[in-house]
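Spelled out, the chains give:
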Amino acid sequence: GQQVMQIPQYQHVQEGEDFTTYCNSSTTLSNIQWYKQRPGGHPVFLIQLVKSGEVKKQKRLTFQFGEAKKNSSLHITATQTTDVGTYFCAGPSQNDYKLSFGAGTTVTVRA
Amino acid sequence: NAGVMQNPRHLVRRRGQEARLRCSPMKGHSHVYWYRQLPEEGLKFMVYLQKENIIDESGMPKERFSAEFPKEGPSILRIQQVVRGDSAAYFCASSPGHGYTFGSGTRLTVV
């Protein structure tokens, strides 16, 4: 079955620094979605990428979809304490309604 | 509130008891998805329902778990004879177009 893997599992960042988290799928995806979950909270949809090589920005967050549509990355610049949480990528199944989630990257920030 | 509503937020059950988790989708939506999140793991698909119909239950454990979405009222995820391994966060979601909108989840603790 489809597998979605994320690295790193944990990211400890000094406030103000940049970091990147990576997502890889075992199969080609029609789209890739990213979610953020704060500690004790629920996943919140951030963005969906559809096109090969697509790049989208949301303020300090930059999302990229690979040319082969099997990998994606999230880059955060000038990390702030508000960025704390777990970032998940997810890809749909062939039926397009069922999502396979990666295990997430949990981000902590040192002030 | 047009969001996905789940209750209870927290549920404690003794081993062997039954757990009932409720979910009302976004207003105007007749489908719900249930996902389970074990501690420090990603979300795993359980079941996809529309009113009075189970569309895909491929992620449901074969025993003790059942789900329904009646014509009237919320969707119910039912876990019979709970065991410690059922302790997890259970989220339901609507799909409003791009990405999922998740409810706040039910944190089930089995003692």
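Presented here is an overview of the structure given in this document. Quick caveat, the model's predicted, so the values are computed rather than measured. (Residues numbered from 1 in each chain as written. Chains lettered and ligands numbered in written order. Predicted model: local features only at pLDDT ≥ 70, side-chain atom pairs only at ≥ 80, totals over all residues. Heavy atoms only, no water.)

Bringing the pairing of strand 8 (residues 75-79) of chain B into the picture now. Side chains on a regular strand alternate between the two faces of the sheet. Residue and element names in this part refer to chain B. Among the 5 residues in strand 8, 4 count as buried, and that is most of the element. Across 4 bridges, strand 7 (residues 65-68) lies against strand 8 in antiparallel orientation. Within strand 8, the residue paired with Ala67 across the bridge is Leu77. (Buried < 20%, exposed > 50% of the residue type's maximum accessible area, 1.4 Å probe, protein only. Helix = DSSP H or I, 4+ residues; strand = E, 2+ residues; numbered from the N terminus. Pairing = 2+ DSSP bridges.)

Bringing the side chain of Gln37(A) into the picture now. Within the element layout of this structure, Gln37(A) appears in strand 4 (residues 32-37). A polar contact is formed between the side chain of Gln37(A) and the backbone oxygen of Gly41(A), at a distance of 2.9 Å. Among the polar contacts listed, one links the side chain of Gln37(A) to the side chain of Gln37(B), at a separation of 2.9 Å. Apart from residues lying up to four places away in sequence, Gln37(A) is in contact with His42(A), Pro43(A), Gly85(A), Thr86(A), Phe88(A), Gln37(B), Phe91(B) and Arg107(B). (Polar contact = N/O pair within 3.5 Å; in protein donor to acceptor, adjacent residues only side chain to side chain. Contact = heavy atoms within 4.5 Å.)

Attention now moves to the interface of chain A and chain B. Across the boundary between the two partners, chain A contributes 18 residues, which contact 19 residues of chain B. With both chains or domains summed, chain A and chain B bury close to 1500 Å², and 52% of this area falls on carbon and sulfur atoms. Applying the counting criterion to the chain A and chain B interface returns 1 salt bridge. As a salt-bridge pair, Asp56(B) and Lys98(A) come within 3.5 Å of each other at their nearest N and O atoms. For the pair chain A and chain B, the interface holds 9 residue pairs in polar contact (both at pLDDT 80 or more). Among the secondary structure elements, those contributing two or more residues to the side of chain A that touches chain B are strand 4, strand 5 (44-49) and strand 10 (99-101) of chain A. (Buried area = accessible area lost by both parts, 1.4 Å probe. Salt bridge = Lys/Arg side-chain N within 4 Å of Asp/Glu carboxyl O.)

So, about the packing of aromatic side chains. Applying the stated rule across the entire model yields 15 aromatic pairs over all chains. The interplanar angle of 40° and the centroid separation of 4.6 Å between the aromatic rings of Tyr97(A) and Tyr48(B) together place this pair among those described as tilted. Note that Tyr97(A) is positioned in the loop between strand 9 (85-92) and strand 10 and Tyr48(B) in strand 5 (residues 43-50), a pairing that runs across two chains. Of the two residues examined, Tyr97(A) and Tyr48(B), each falls in the buried class. (Phe/Tyr/Trp six-rings, centres within 6.5 Å; stacked < 30°, edge-to-face > 60°.)

For the rest of this paragraph, the subject is the sheet that holds strand 1 (residues 5-7) of chain B. Residue and element names in this part refer to chain B. Taken in spatial order, the 4 strands make up an open sheet running 1-3-8-7, and their pairing is antiparallel. Sheet topology places strand 1 and strand 7 at the edges, where each strand pairs with a single neighbour. On average, each strand axis in the sheet is tilted by 15° relative to the strand beside it, whichever way the strands run. As judged from the 5 bridges shared by strand 3 (residues 19-24) and strand 8, these two strands associate in the antiparallel manner. If you follow Leu21 over to strand 8, its bridge partner there is Leu77. (Axes fitted to C-alpha atoms, helices over the stretch in contact; angles between N-to-C directions.)

The values are spatial; any link to function lies outside them.
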